[in-house]
Amino acid sequence: MRALTWQGKHDVRVETVPDPQIVNPRDAIIRITSTAICGSDLHLYDHYIPRMKEGDVLGHEFMGEVVEVGRGNKKLKVGDRVVVPFVISCGSCFFCQKQQFAACDNSNPADTADMSEIAYGYPMPGAFGYSHLTGGYAGGQAEFVRVPYSDVGPLVIPNGIADDKVLFLSDILPTGWMAADNCMIEPGDTVAVWGCGPVGLFAVQSAFLLGAERVIAIDHYPRRLELAKQLGAEVINYEEVKVREALAEMTGGIGPDACIDAVGMESHGFSVDNVLDHVKAAVGLATDRPHVLRQVILACRKGGRVSIPGVYGGMADKFPVGALMEKGLTIKTGQTHVQKYMPRLLDMILEGKIDTTFLISHRLPLEEAAQGYKMFKEQQNEVTKVILKPQTVH
Ligand SMILES: NC(=O)c1ccc[n+]([C@@H]2O[C@H](COP(=O)([O-])OP(=O)(O)OC[C@H]3O[C@@H](n4cnc5c(N)ncnc54)[C@H](O)[C@@H]3O)[C@@H](O)[C@H]2O)c1
Ligand SMILES: [Zn+2]
Ligand SMILES: [Zn+2]
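Everything quoted here is computed from the prediction, not taken from an experiment.

Draft legend 1. Summary view of the pairing of strand β15 (residues 305–308). In β15, alternate side chains face the same way, and those of Arg305 and Ser307 on one face and Val306 and Ile308 on the other are all buried. Relative to β15, strand β14 (residues 258–261) runs parallel, the two being bridged by 3 bridges. When the sheet's bridge partners are listed, Ile260 is paired in β15 with Ser307. Bridging between β15 and strand β16 (residues 330–333) involves 4 bridges; their strand directions are parallel. Its bridge partner lying in β16, Arg305 is registered against Thr330. For the crossover that starts at β15, traverses helix α11 (residues 321–326) and ends in the parallel β16, the hand is right-handed.

Draft legend 2. Up close: the coordination of the zinc ion (ligand 3). Taken together, the protein donors to the zinc ion (ligand 3) comprise Cys90 (SG), Cys93 (SG), Cys96 (SG) and Cys104 (SG), at separations of 2.3 to 2.4 Å. The coordination sphere of the zinc ion (ligand 3) comprises 4 donor atoms, whose angles at the metal cover 103 to 116 degrees; the geometry is tetrahedral. Owing to a relative accessible area of 4%, Cys96 belongs among the buried residues under this scheme.

Draft legend 3. Structural view of the packing of aromatic side chains. Evaluated as defined, the whole model comprises 5 aromatic pairs. Judged by centre distance (5.0 Å) and plane angle (85 degrees), the rings of Phe62 and Phe128 are edge-to-face. Remark: Phe128 occurs in the loop between β8 (126–127) and β9 (144–147) and Phe62 occurs in strand β5 (residues 61–69); sequence separation between them is 66 residues. On the accessibility criterion, Phe62 (0% relative accessible area) is buried. Between Phe202 and Phe358 the ring centres are 6.1 Å apart and the planes differ by 75 degrees, which places this aromatic pair in the edge-to-face class. Residue Phe202 is found in helix α6 (residues 198–209), and its partner Phe358 is found in the loop between α12 (338–350) and β17 (362–365); the two are separated by 156 residues along the sequence. On the basis of relative accessible area, Phe202 is assigned to the buried category, the value being 0%. Phe358 gets classed as partly exposed once you look at its relative accessible area, which sits at 25%. Aromatic rings pair up to connect Phe168, Phe202 and Phe358 into one cluster.

What counts as what
Residues numbered from 1 in each chain as written. Chains lettered and ligands numbered in written order. Predicted model: local features only at pLDDT ≥ 70, side-chain atom pairs only at ≥ 80, totals over all residues. Heavy atoms only, no water. Buried < 20%, exposed > 50% of the residue type's maximum accessible area, 1.4 Å probe, protein only. Helix = DSSP H or I, 4+ residues; strand = E, 2+ residues; numbered from the N terminus. Pairing = 2+ DSSP bridges. Right-handed = clockwise from strand over helix to strand, strands pointing away. Donors = N, O, S within 2.8 Å, 3.2 Å for Na, K, Ca; no water. Tetrahedral: all angles 85-135°; square planar, octahedral: opposite > 155°, others 65-115°. Phe/Tyr/Trp six-rings, centres within 6.5 Å; stacked < 30°, edge-to-face > 60°.

Function cannot be inferred from these measures alone, as they are strictly geometric.
Here it is, written out as structure tokens:
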């Protein structure tokens, strides 16, 4: 089959690789109809995430049709249309039982789990197309994919609803939703969201749906800020004003009740701390550039809540731990427990309460995936989300 493979920093290529096979009884094989490029894929593209190997198949946001089902799967049948969560979860371990699917203890094979255990204290769960830290599973930017524990993750989608309307259930919609849910929004709250990429924009949408009175969105790309405005947010362009001062002014000097870091480890901007992080990362002395996280902690009101959907991978320095403690902030973060949120969000899509299609700016055949990555990385203003169509015939 054809699949997008990682070859090194800024080098991804569509190649012919072996077709996936059923390995375990609970596996299924899916023929991919739509798959998307994620901001998290850019961290691999920029080689910020360790443990990538040449030839790894990328992609963790995908949906398609079931073409083969292992004998241990009583849930799916051939022909079902499914959206697959990016995180791989067994459904029965201590964590899955608590619906903390992104903490699953069984989905990361022992040898690769050991690596994340050294880095993080405990092993990470498995995930599709996201390095050998998360199991080295082949991803879904491909014609076909093997889905382990396929009786747990995939959500069956009714026929008659277009891929574009439901594809984002695989990651960014639940991620935006969990980011807002983690803000524990109370009536009258003002929520500030750093980053108007897909995750930030869905966090804006979700914050309103969860009862926020005001949402303030921060970025520097006019097109992305415009989309946030269309969702009802007030906006700040961080290249034009000082963010913390602007937020204080907009909230009567108090600061936002809750703040969401939807940027993560590759923060842009020329603040002193970020330039220093850039230099340290370039010479291998640092892993992450947590400028936004620092700003979030300083800007949030005393006693406020901080939600971090943005991905961080290693260690951060110059971290304002004093402000965090002295202001009594609450922090919630994590990879998204996608399976927990999917059914409710699908209902909201079917009821017309959520429409995510506004985000899609480009649709490309899989063969043009490398171009899609380059565009998503270099033209962030216009390129808000790229969908790849592996079944497009040439
Ligand atoms: N927790 C999860 O499970 C999960 C799932 C999906 C994505 N993510 C992460 O969420 C983050 C956002 O993903 P995305 O797809 O929206 O990415 P993206 O790269 O499309 O968007 C990031 C946005 O942040 C903006 N930004 C950069 N520096 C900024 C600054 N200093 N202040 C304000 N805005 C700034 C950029 O201009 C860009 O618009 C990434 O780190 C991604 O890895 C996490
Ligand atoms: Zn993603
Ligand atoms: Zn589990």
